[in-house]
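# Remarks on the overall topology
Now for the letters of each chain:
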Amino acid sequence: MLAESFRVDSPNVQYGEDAITSSYTYQHTSVERTDAGQWVVKPQSTEYTFKTDTRVPKLGVMLVGWGGNNGTTVTGGILANKHGITWMTKDGLKKPNYFGSLTHAATVRIGNYKGEEVHVPFSSLLPMVHPNDFVLGGWDISGMNLADAMERAQVLDFELQKQLVPLMRDMVPLPGIYDPAFIAANQAERADNVIKGTKREQMETVRQHIRDFKAANAVDKVIVLWTANTERYSEVIEGLNDTADNLMKSIDAGEAEVSPSTLYAAACVLEGVPFINGSPQNTFVPGLIDLAVEKNVLIGGDDFKSGQTKMKSVLVDFLVGAGIKPTSIVSYNHLGNNDGMNLSAPQTFRSKEISKSNVVDDMVQSNSILYGPGEHPDHVVVIKYVPYVADSKRAMDEYTSEIFMGGRNTIVMHNTCEDSLLAAPIIMDLVILAELVTRIQLKKDGQEELRGFHPVAVLLSYLTKAPLVPSGTPVVNALAKQRAMLENVFRACVGLPPENNMMLEFKV
C-alpha cells in the first residue's frame, strides 16, 4: 500500500511553520577489552535534537561537463518530465519518468495497516527539491549547444530528441577549465570553449560564473556537480596541496599538480557552494578537504555508482555475510561513449581502476573467520573502448568463492548498462540530497547550539563508488548499509525509529 504523505503523531516531534524539530534517542554500542582480553559490549543511548528547515529553495544546478553524455541526458530527461513529452518507439508509446532515482522512484516502509505494509515515496520523508524545478546551467570545454550535444551523445531516442531540440538549442555551456595534462590527449579536438589565464584567474572566473548564474536566475542556492571527464590522479605533495594554505599558494603559483576539478571545487568552497565530484580522480586533495572544513561548505564524492560497482557492493556483501569466501573477482567492461574514449588513456583509467577496486574492502575486513591478516580476494578491473556500443556499456563479472569442504562456487554475470541513463538519476539524487543535508541541524544532549553535519557528506555514500569520509571515519561500501544509514537519518529527523525489520508485533 502506498501513502503519498504522512505526519508523525508523537510528543517528540514538533511541526513548525518553517521547520520540523525532533527529539531522538540514538541507541548504539561501545566495545572495550579488559586486561584479561575479554571483549565487553556496552549498550549506549544518546539523546539528539534534529531541526530540519522545511523551506525548499529555488535551486540552481551547475554541471561541469554540461555538454557531455550525462549532462545532456539529465537536461533532456528533466525537460521531458517537466513538459510531459511522450514519444513513440518500436515498442510503443513511452512516457517520461524518474526511474532509477532514489528520491523520486523509491519508497520507504513506515509501518503496517491491518496486516498490509504501508510505504511512502522516499521524497515524502522530508521536504526535497523536485528535479522538475532545477534551474540548470554549467560549463563544458566543448561549446556545442545542448541540442547538438544531445545528438552527439546518442543516448535518448531520436523521436524524443526531436521534441527536445527547441527546448535545448539555446542552452550553451559556459567555457570550462581545460588542462590536457589531466585527461586523455584524444579530448583535445573537443576543447574549443576554454577559460584562459593562470590557475588563479581560472578559479576566479568560475567564482564569477557562479555569482552571475545565481543572480541572473534569482535562485536561492546553487549546487555544483562534476560530471566531466575522468582526470588522472594528482600527486599529493607536502607543501603543495596538503593544507588549505598550501593549496591556495599553489593555485597562486600556477603549480602543475593542481587539477581543473580541484580548481572548480576550490572556487565553490570559497563561494560557499556545495561541490560534488562524480568522477573517480582525487579532486579532494587534503588541502581542499581542509578548506571545506574551514569554510564549513559541503563536499561529496567520489564517482557515480550506477552499474557494475553497485552490483558488486550488493553481491560481495551477500557472499561474505553468508559465510562464503570470495577469492577472485574479475570485472571486465567495454563501452563506446566519450567516457570510454577518455578512459582509454592509462593515466585516466588508473583513477577508475582505484575507485572500482576498493569497493569490497570493508566487506572483506568484516569477516576475519574467512580472511586472515592481509588476505584479500584477487580483484582485477579491465575497461576497453569499443566505439560501436556507444553509451550501452557491457559489464561482465566473474566471482569465484571457496565454499564448504574445499568446494568452489563461480557466479558469472553479464550486465548491459545504458551508462548515462543510469547515471542521470544518480546526478539528480546527489544534488537533491546534498541540498537537503544543508538544511538539517542537530545537537547531542548537553550541547548548547545546533550545528550542521560535517562538511564531508558521508550521507551521499549510497550513490558513490568511493565514498569520501572525514578522517578517522569507517568507510562503508555495502549498498544495503549505505541505504539504511541515509534512510534512518532522515527517519530520525521526523522522530521515527530506524527500520530494523524485527516485526516483533507479528511474532508473539
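Scope of this entry: the structure provided in the associated data block. Keep in mind the model is a prediction, meaning the values are calculated, not measured. Every chain is numbered on its own, with residues counted from 1 as its sequence reads. Local features in a predicted model are, by the rule used here, given only for residues with pLDDT of at least 70; side-chain atom pairs are given and counted only at 80 or more, and totals for whole chains, interfaces and linings are based on all residues. The basis for every side-chain value is the complete set of heavy atoms in the structure, and neither hydrogens nor water enter the calculation.

This part covers the sheet that holds strand β16 (residues 392-402). Strand pairing in a sheet takes place through backbone hydrogen bonds and is either antiparallel or parallel in direction. For two strands to pair, DSSP has to find at least two bridges joining them. Counting from the N terminus, the helices are the DSSP runs of H or I reaching at least four residues and the strands are the DSSP runs of E reaching at least two. Taken together, the four strands give an open sheet; going across it, the order is β15-β14-β16-β17, and neighbouring strands pair in mixed fashion. Both edges of this open sheet fall to β15 (378-385) and β17 (408-418), since each of them pairs with a single strand only. On average, each strand axis in the sheet is tilted by 10° relative to the strand beside it, whichever way the strands run. The pairing of strand β14 (residues 325-335) with β16 spans nine bridges and is antiparallel. Residue Ser331 lies in a different strand from β16, and its bridge partner there is Asp397. Residues count as neighbours in contact if any of their non-hydrogen atoms are within 4.5 Å of one another. Note on method: axes are straight lines fitted to C-alpha atoms, helices fitted across the in-contact stretch only, with angles between N-to-C directions ranging 0 to 180 degrees. Set on the sheet, helix α13 (residues 419-437) makes contact with β14, β16 and β17; between it and β17 the angle comes to about 85°.

Viewed as axis vectors pointing N to C, helix α1 (residues 69-83) and α13 meet at an angle of 70°, and their least axial separation amounts to 9 Å. With respect to α13, the element α1 is oriented roughly perpendicular. Residues Asn69, Asn70, Thr73, Val74 and Ile78 of α1 form the contact with α13, whose participating residues are Ser420, Leu421, Ala423, Ala424, Ile427 and Met428. Think of it as three bins: nonpolar holds Ala, Val, Leu, Ile, Met, Phe, Trp, Tyr, Cys and Pro, charged holds Asp, Glu, Lys and Arg, and polar takes everything else, Gly as well. Residues of the contact of α1 with α13, tallied by class, amount to seven nonpolar, four polar and no charged. Angular relationships are summarised with four words: roughly parallel below 35 degrees, roughly antiparallel beyond 145, roughly perpendicular across 65 to 115, and oblique for the angles in between.

Here we come to the nonpolar core. Working definition of a nonpolar core: buried Ala, Val, Leu, Ile, Met, Phe, Trp, Tyr and Cys residues. They are joined through side-chain atoms within 4.5 Å. For every residue, the accessible area obtained with a 1.4 Å probe (protein chains only) is divided by the maximum for its type, and the residue is called buried under 20%, exposed over 50%, and partly exposed between those limits. The biggest cluster of nonpolar side chains holds 67 residues, and the ones touching the most others in it are Phe122, Phe134 and Phe490. Among the elements that take part in this core, α13 stands out by supplying 12 residues, more than any other. Setting aside chain neighbours within four positions, we find Phe134 in contact with Leu59, Val61, Ile78, Val129, Met428, Val431 and Ile432. In terms of nonpolar packing, the next biggest core, distinct from the first, is built from 37 residues, Trp139, Ile177, Val258 and Phe284 among them.

Interpretation in functional terms is not warranted from these geometric data alone.
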